[in-house]
Amino acid sequence: MERLLTKLKSIEPNKEFKERSRALILNSPQSGISIGIFNRLLNSAQFSAAFSLAAIFIFLIIGGLSMLSQRILSPALLSSLDPENLTEEAASLDFQIQLSQAEYYEESAEKVEIALNETSGELKNLENREEELNKLLNEITL
Amino acid sequence: MLEGEKNHIKQAKRGNKEAFGLLYDHYLPKIYRFVLLKVSSRAEAEDLTHEVFLSAWQNIHNYKDRGHPFSSWLYQIAKNSVIDFYRTSKKNLQVESVSEEFVKIDALHPESLNTDLEIEKLKRLIGLLKPDYQDVLIMKFIEDLSAEEIAANLDKSEGAVRLIQHRALKELKSLYYGDPNNNGTLTHEA
């Protein structure tokens, strides 16, 4: 049976068919190559997009969002962090404090003076009364 | 295996027609025989073989060397083409009408008449076997592939290939030498 089967090796394609088919195949466009290149480009673009998105998400997660909001939404807050501005602000605060203290001392001095005058007036009255009392006591005893 | 085959495949993948032409010349007879023994006429075999190599040329950029021979890729395309052929045309391989055309053409040479008749009878009987039996017998005895190569082509183990070969030969012998259980009028759908 094996010997009989090997006789099937004698089957050969027709020479005319072989030449015609070969020419048709090799003259047909191998469109797969351009599709392959396009697919490669598409794949690389997809990879880049995925990588970029991942990077953006990581940036947002680690606090980029809060930093961006500070930079974009509140520039005043950012400027307040400038050391020179802070020093100027501190100096002006001291000056304002000194002025307010001076005003306070001026106002309080006047009040104290009035209070002292009143007190001294009362003391004089008391002295006068004491003298009157002494006179009266002397008159009684004599 | 064709000498320098890997290089030819590499060149063909880049669109080199000459390189693919060499692969075509080497594998055309094998694929043609494989297809012819599964269909009923030379015309159908030629059409399908042409489709196989056209598909191979247009898709060779997708071919990846996974350690299997290049022929296994071609045989796989050929197998799928034959399956599609029978699926779309709904054709049954009628044993009684197989390859009359085949005999008529070769009968033009009287000296080869006996051989042609034997070939025709074998072809008809192989068509009665299961597809796996057909594949193993064709690859083993007609294409002289080793059990390892057949296993790679059919995605089976070597042990399974040897078992199929044994059973296929036994069944073919019983058909050829006459078995009361096989009257030669079976109809096989590939």
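The structure displayed is predicted, hence computed values, not measured ones. (Residues numbered from 1 in each chain as written. Chains lettered and ligands numbered in written order. Predicted model: local features only at pLDDT ≥ 70, side-chain atom pairs only at ≥ 80, totals over all residues. Heavy atoms only, no water.)

## Side note on the pattern of salt bridges
Evaluation of the coordinates by the stated rule reveals 10 salt bridges over all chains. With a closest N to O distance of 3.4 Å, Glu12 of chain A and Arg33 of chain B form a salt bridge. With Glu12 of chain A in the loop between helix H1 (2-6) and helix H2 (15-27) and Arg33 of chain B in helix H2 (residues 17-36), this pair bridges two chains. Look at Glu12 of chain A and you get partly exposed, because its relative accessible area is 43%. Residue classification places Arg33 of chain B among the buried residues on the basis of a relative accessible area of 7%. For Lys38 of chain B, the salt bridge goes to Asp135 of chain B, with nearest N and O atoms at 2.7 Å. (Salt bridge = Lys/Arg side-chain N within 4 Å of Asp/Glu carboxyl O. Helix = DSSP H or I, 4+ residues; strand = E, 2+ residues; numbered from the N terminus. Buried < 20%, exposed > 50% of the residue type's maximum accessible area, 1.4 Å probe, protein only.)

## Focus: the side chain of Ser72 of chain B
Along the chain, Ser72 of chain B turns up in helix H4 (residues 70-89). Excluding residues within four positions of it along the chain, Ser72 of chain B makes contact with Ala152 and Asn153 of chain B. (Contact = heavy atoms within 4.5 Å.)

## Some remarks on the packing of helix H7 (residues 131-142) of chain B against helix H8 (residues 147-154) of chain B
Residue and element names in this part refer to chain B. Packing of H7 against H8 brings their axes to within 10 Å, and their N-to-C directions diverge by 140 degrees. Classified by the interaxial angle, the pair formed by H7 and H8 is oblique. Every pair of crossing elements has a handedness; the one defined by H7 and H8 is right-handed. For the pair H7 and H8, contact is made by Asp135, Val136, Met139 and Lys140 and by Ile150, Asn153 and Leu154, respectively. By residue class, the composition of the contact of H7 with H8 is four nonpolar, one polar and two charged. (Axes fitted to C-alpha atoms, helices over the stretch in contact; angles between N-to-C directions. Parallel < 35°, antiparallel > 145°, perpendicular 65-115°, else oblique. Left-handed = near helix turned anticlockwise from the far one by under 90°. Nonpolar A, V, L, I, M, F, W, Y, C, P; charged D, E, K, R; others polar.)

## Concerning unusual backbone geometry
Residues and elements named next belong to chain B. A positive phi angle, near 55 degrees, is found at Asp144, a position not held by glycine. For Asp144, the position within the fold is in the loop between H7 and H8. Positive phi, normally seen in glycine, also occurs at Asp155, with a value near 55 degrees. Since its relative accessible area comes to 71%, Asp155 is described here as exposed.

## Some points on the side chain of Ser28 of chain A
Along the polypeptide, Ser28 of chain A turns up in the loop between H2 and helix H3 (32-73). Residues in contact with Ser28 of chain A, not counting those within four places in the same chain, are Leu54, Trp57 and Gln58 of chain B.

## Observations concerning the interface of chain B and chain A
Taken together, the contact between chain B and chain A spans 40 residues of the former and 27 residues of the latter. Summing both sides of the interface, chain B and chain A together bury roughly 3,100 Å²; the carbon and sulfur share of this comes to 68%. When residues of chain B are sorted by the area they lose upon contact with chain A, Tyr24, His50 and Phe141 of chain B head the list and together hold 17% of the total. Taken together, the links from chain B to chain A amount to three salt bridges. With a closest N to O distance of 2.6 Å, Asp144 of chain B and Lys9 of chain A form a salt bridge. Counting across the interface, chain B meets chain A through 13 residue pairs in polar contact (both at pLDDT 80 or more). Contributing elements (two or more residues each) for the side of chain B that touches chain A: helix H1 (5-13), H2, helix H3 (42-59), helix H6 (113-126), H7 and helix H9 (158-176) of chain B. Sorting elements by how many residues they give to the side of chain B that touches chain A places H2 of chain B first, with 11 residues. Class assignment of the residues belonging to the side of chain B that touches chain A gives a composition of 24 nonpolar, six polar and 10 charged. (Buried area = accessible area lost by both parts, 1.4 Å probe. Polar contact = N/O pair within 3.5 Å; in protein donor to acceptor, adjacent residues only side chain to side chain.)

## Quick notes on a negative patch on the surface
Judged by side-chain charge, Glu103, Glu106, Glu107, Glu110 and Glu113 of chain A come together as a negatively charged surface patch. Looking at the secondary structure, you find Glu103 of chain A in helix H5 (residues 83-141). (Patch = residues over 30% accessible without salt bridge, like charges linked within 9 Å, V, L, I, M, F, W, Y side chains within 5 Å. Areas by Shrake-Rupley, 256 points an atom, 1.4 Å probe, with all protein chains shown as cover. Lys, Arg positive; Asp, Glu negative; His and termini not counted. Charge placed at Lys NZ, Arg CZ, Asp CG, Glu CD.)

## Examining the confidence of the model for chain B
Residue and element names in this part refer to chain B. Residues of chain B with pLDDT of at least 70 account for 80%, and the chain-wide mean is 80. Below pLDDT 50 for its whole length, residues 93-108 participates in 37 contacts with residues either more than four positions away or in separate chains. Counting interchain partners and residues more than four positions distant, the pLDDT-below-50 stretch residues 183-190 has 19 contacts. In the predicted assembly, ipTM is 0.70 and pTM is 0.56. (pLDDT = per-residue confidence, 0-100.)

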